[in-house]
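Secondary and tertiary structure notes
Now for the letters of each chain:
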Amino acid sequence: MRLTDFWNRMRRHFGEAYAESWAKDYVIAGLGGRTVEQALAEGVGAKQVWQAVCQEVDVDPRLR
């Protein structure tokens, strides 16, 4: 998954204004207690991060 696709999915699920805030502030256990931004910055793949987001929140199946 490309990073642009990841962010498009985040924005479609959380909305334009909230996606980046959620990615910055919400700690996900499935990412080792890191936020989305931290995981991506530390080299975790976008697909793996997206899967962790999907496990954490109820994402529309069409976006999975």
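Analysis parameters
- Residues numbered from 1 in each chain as written.
- Predicted model: local features only at pLDDT ≥ 70, side-chain atom pairs only at ≥ 80, totals over all residues.
- Heavy atoms only, no water.
- Core = buried A, V, L, I, M, F, W, Y, C linked by side-chain atoms within 4.5 Å.
- Buried < 20%, exposed > 50% of the residue type's maximum accessible area, 1.4 Å probe, protein only.
- Helix = DSSP H or I, 4+ residues; strand = E, 2+ residues; numbered from the N terminus.
- Contact = heavy atoms within 4.5 Å.
- Expected span 1.5 Å × (residues − 1).
- Arc of directions from axis to C-beta.

**A look at the nonpolar core**
In this structure, F6, M10, W22, V36, V49, W50 and V53 are the most contacted members of the largest nonpolar core, which totals 22 residues. Going through the elements one at a time, α1 (3–14), α2 (16–25), α3 (36–41) and α4 (46–56) are the ones with two or more residues in this core. With six residues, the single largest contributor to this core is α4. Discounting residues that sit within four places of it in the chain, F6 has contacts with M1, V36, L40, A46, V49 and W50.

**So, α1**
Here α1 contains 12 residues, and its C-alpha end-to-end distance of 16 Å stays within 8% of the 16 Å for a straight helix at 1.5 Å per residue. Buried within α1 we find F6, W7, R9, M10 and F14. Looking straight down α1, one finds that the buried residues subtend no more than 160° of arc, so they occupy a single side. Residues of α1 that are exposed and point over 90 degrees away from its buried face: T4 and R12. Residues of α1 that are buried make contact with α2, α3 and α4. Residue G15 follows α1 closely and has a positive phi angle near 95°.

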